[in-house]
Amino acid sequence: MTLRIVVCVKYVPDATGDRHFAEDLTVDRDEADGLLSELDEYAVEQALRVKEAADDAEVTVLTVGPEDAVDALRKALSMGADKGIHVEDEDLHGTDALGTSLVLAKAVEKTGYDLVLCGMASTDGAMGVLPAMLAERLRVPQMTQLSEVAVDGGKVTGRRDSDTAGEQLEASLPAVVAVTDQSGEARYPSFKGIVAAKKKPVEEWDLAELDIDADEVGLEGAYSLVEDAAERPARTAGTIVTDEGEGAEQLAGPGHRGAGRLARCRRRCLACRGGRRLVPAHQPSRPDR
Amino acid sequence: MTDHTTTPYLLPPMYDEFRAAARTVAEKELGPRAAEVDARGGFPHDNYATLTAAGLHAPGIPEEYGGDGVDALAAAIAVEEVARVCASSSTIQTSNKLGVVPLLLAGTEEQRRRYLPEVAAGEALMAYAISEREAGSDVAAMRCRAAADGDDWVLDGVKTWITSAGVAMYLIVFAVTDPDAGSRGISAFVVHADDSGIGYGEPERKMGLKGSVTREVYFDGCRIPGDRLLGERGRGLRVALGTLDHTRVSVGAQALGIAQGALDTAVGYVQERQQFGKAIADFQGVQFMLADMAMKVESARQMVYAAAARSCVAAPDLTYFGAAAKCLASDVAMAVTTDAVQLLGGYGYTQDFPAERMMRDAKITQIYEGTNQIQRIVMARKLLQTR
């Protein structure tokens, strides 16, 4: 039996470029260059490793997104995935995480799967909720935040490291697994892979093909709505305050409660005491937010 | 009607993908190590492993021999992108190509199957041994002898300036088999690094490309079996020159990459460097230099790609284009890296910035695989032939 692995990937704006919101406060995908979300590369990598360790496995990469999103699939296919599915429909514009999970669930079910692999979050929305939503919709076990993944005899096992514990997890297949950026460096697409990817099939599906009504998705169907967004103010140059006895007041303003605290800090804080001397012009860093 | 959305003079998008893939590896892995590779000298085994893992160590080997099967243009882009960040590492690619092309041009099917898959898999590096102390540009003056002894050949002589010698597992060696036959008395052989009677000189102390190893190769009664003859006996020079037609495209690509790297370094620097209260990029004198550099780099690129296209189809004018591409791109690399050092000023002259390394690395591209004076002779011959 072929082990059917489906990797959900997202086409995101390049974080190194200029990113903006469109007028309707959705991510402006026309202006920015897009690419396969870096966090999803880890999921593709794990899928390929599972495939390489298996006798017989097939890796399908699935994306929901605009026309250019096929580039994310091409990248994954160049890395070694076998085929792609691109769900595209103009009614999908503005779909939130819940809606996306619906589309992915329907697509995953339609293509057939034993293991669904996801990145831990997208690098644009960064909600990190999709794997859990997808597992709920599919009614299969979910294991998220894994740093190791292995498939053996109808089970998927993995390791989840948290701040306080390392857990060894196991789930029966089919299951949804999300992997972290600690799961292993993603391979680079080779020239051979790029050439091979041209011959790999990419299916194009729309909402009708997945039996989804337009009002279940898109901005209209979204459960959450972005009401306003403002650009982060540009960082301004700091002001250097030379402490000649009233530095604290200069920082926090006269009579402000903080002034007293800063004044005390001047005598007690570790920065001063660590050096075993009082720094005459000690400049606590100015909180800029 | 003319179709205004496509033109044959723009590369298909797949080449952008090749470039993006190679650039990612180059910038993430090779670039950060380039200064160290230059400083420590010697063959960069770590970068060979990186290039192999990414499938960039020997671009262009046909698929039937386990290679990526990409054309000479894609292979040139691979070399260009590696050389852009670390010229030394790109000699792994050019050295392999110098080994692969003779096998493709003159090798028997058996010979190709014997060697190419190992090179494609990154298990064996190749070297090309033609120059001698007294036979550089005048290649036909070589003295290295290959004497027939029963079914075997016995090699005696010294080869000089051999890139990757001592690391390469297989060497394409040119030697005199018929001393009285002049240029038709030279033959090509495949020699294995573990053949008896082969030795190496001390690594040369070079001006640049310090992260590639260059040594003399000594043959002292080096006995090899008869099936190592590559191509026909006496036709070695033809194999050598036929090979250079293709590999000069790679040297051109290497020079182009070095030039582009220097331009990028300079463009970045002049926007950060403040003098007289503003970025030096705001000065028109600097802008004119940058424009000239960029113009030269792009001219070199067009020439190299045009030559690569002729290498893909083994066009009759490949010899001319290969020589012109190598010559132009290497002259551009020298000029542009020199200007980059100038734009970086005092910093450019220090090893804390990459410009001086690029300038040192650029120089050899005007010299090896035929000096640029030889390239001009090759071009002039082609021009005058047609009259």
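Just so you know, the residues in each chain are numbered from 1, in the order the chain's sequence is written. Naming scheme: in the order in which they are written, chains are lettered from A and ligands are numbered from 1. Where local features are concerned, this predicted model is filtered to residues with pLDDT of at least 70; where side-chain atom pairs are given and counted, the filter is 80 or more; whole-chain, interface and lining totals use all residues. Side-chain measures were taken over the full set of non-hydrogen atoms in the model, leaving aside hydrogen atoms and water.

**Student:** Looking at this model, I keep getting lost on the nonpolar core. Mind explaining?
**Tutor:** Inside soluble globular proteins, nonpolar side chains tend to come together where they are buried. Buried Ala, Val, Leu, Ile, Met, Phe, Trp, Tyr and Cys residues form a nonpolar core when they are joined through side-chain atoms within 4.5 Å. Working definition: with a 1.4 Å probe on protein chains only, accessible area under 20% of the residue-type maximum means buried, over 50% means exposed, and in between means partly exposed. With 77 residues, the main nonpolar core has A:Phe191, B:Leu56, B:Val270, B:Leu290, B:Met293, B:Val304 and B:Val336 as its most contacted residues. No other element matches the 15 residues that helix α8 (residues 318-348) of chain B contributes to this core. Two domains share this core, each providing at least three of its residues, namely domain 1 (13-124) and domain 3 (237-384) of chain B. Every residue pair with non-hydrogen atoms within 4.5 Å of one another is taken to be in contact. Ignoring any residue separated from it by four or fewer positions in sequence, one finds B:Met293 in contact with B:Leu263, B:Ala266, B:Val336, B:Asp339, B:Ala340 and B:Leu343. Secondary structure counts use DSSP, requiring at least four H or I residues in a row for a helix and at least two E residues in a row for a strand, with both numbered from the N terminus. Per the annotation, domain bounds derive from an automatic or database assignment of domains.

**Student:** Teacher, can you tell me more about the UniProt feature "domain: Acyl-CoA oxidase/dehydrogenase middle" (unreviewed entry) in chain B here?
**Tutor:** According to UniProt, the "domain: Acyl-CoA oxidase/dehydrogenase middle" (unreviewed entry) feature falls on residues 127-222 of chain B. The distance from the first to the last C-alpha atom of residues 127-222 of chain B is 17 Å, and the span holds 0% helix and 48% strand. UniProt positions are given in the numbering used here, feature names are shortened, and annotations may be inferred rather than shown by experiment.

**Student:** Can you walk me through the pattern of salt bridges in this structure?
**Tutor:** Close approach of charged atoms allows side chains with opposite charge to pair. By convention in these notes, a salt bridge is any Lys or Arg side-chain nitrogen within 4 Å of a carboxyl oxygen on Asp or Glu. Enumeration over the complete set of coordinates arrives at 35 salt bridges over all chains. Among the salt bridges present, the one from A:Lys51 reaches A:Asp82, with a minimum N-O distance of 2.8 Å. Of this pair, A:Lys51 sits in helix α1 (residues 38-53) while A:Asp82 sits in the loop between α2 (70-79) and β5 (83-87), and the two are 31 residues apart along the sequence. Taking relative accessible area as the criterion, A:Lys51 reaches 24% and is therefore assigned partly exposed. Residue B:Asp149 pairs with B:Arg223 through a salt bridge whose shortest N-O separation is 2.6 Å. With a gap of 74 residues between them, B:Asp149 in strand β2 (residues 145-149) and B:Arg223 in strand β7 (residues 214-224) connect regions that are remote in the sequence. According to the relative accessible area criterion, B:Asp149 is partly exposed, its value standing at 36%. Using a relative accessible area of 38% as the deciding quantity, one classes B:Arg223 as partly exposed. Put simply, B:Arg19, B:Arg23, B:Glu27, B:Glu80, B:Glu81, B:Arg84, B:Asp264, B:Glu298 and B:Arg301 are held in one network by salt bridges that share partners.

**Student:** Just checking my understanding: could you explain the domain arrangement of chain B for this structure?
**Tutor:** By a frequent convention, interface size equals the accessible area lost on bringing the separate parts together. Residues and elements named next belong to chain B. For chain B, the assigned domains are domain 1 (13-124), domain 2 (127-234) and domain 3 (237-384). A straight line from the C-alpha centre of domain 1 to that of domain 3 covers 20 Å. Contact with domain 1, which involves 24 residues of that partner, is made by 26 residues of domain 3. Across the interface of domain 1 and domain 3, roughly 2000 Å² is buried in total on both sides, 64% from carbon and sulfur atoms. Counting every contact that joins domain 1 to domain 3 gives three salt bridges. Aspartate 264 is paired through a salt bridge with arginine 84; the nearest N and O atoms lie 2.8 Å apart. Each polar contact in these results corresponds to two N or O atoms within 3.5 Å; when the atoms are within protein, one needs to be able to donate a hydrogen and the other to accept it, and residues that are neighboring in sequence are counted only if both atoms are side-chain atoms. Linking domain 1 to domain 3 there are seven residue pairs in polar contact (both at pLDDT 80 or more). Looking at the side of domain 1 that touches domain 3, the elements that each hand over two or more residues are α1 (13-40), α3 (72-85) and α4 (87-106). Among the elements that take part in the side of domain 1 that touches domain 3, α4 stands out by supplying ten residues, more than any other. When two parts are put together, the accessible area they lose, computed with a 1.4 Å probe and summed over both, is reported as buried area.

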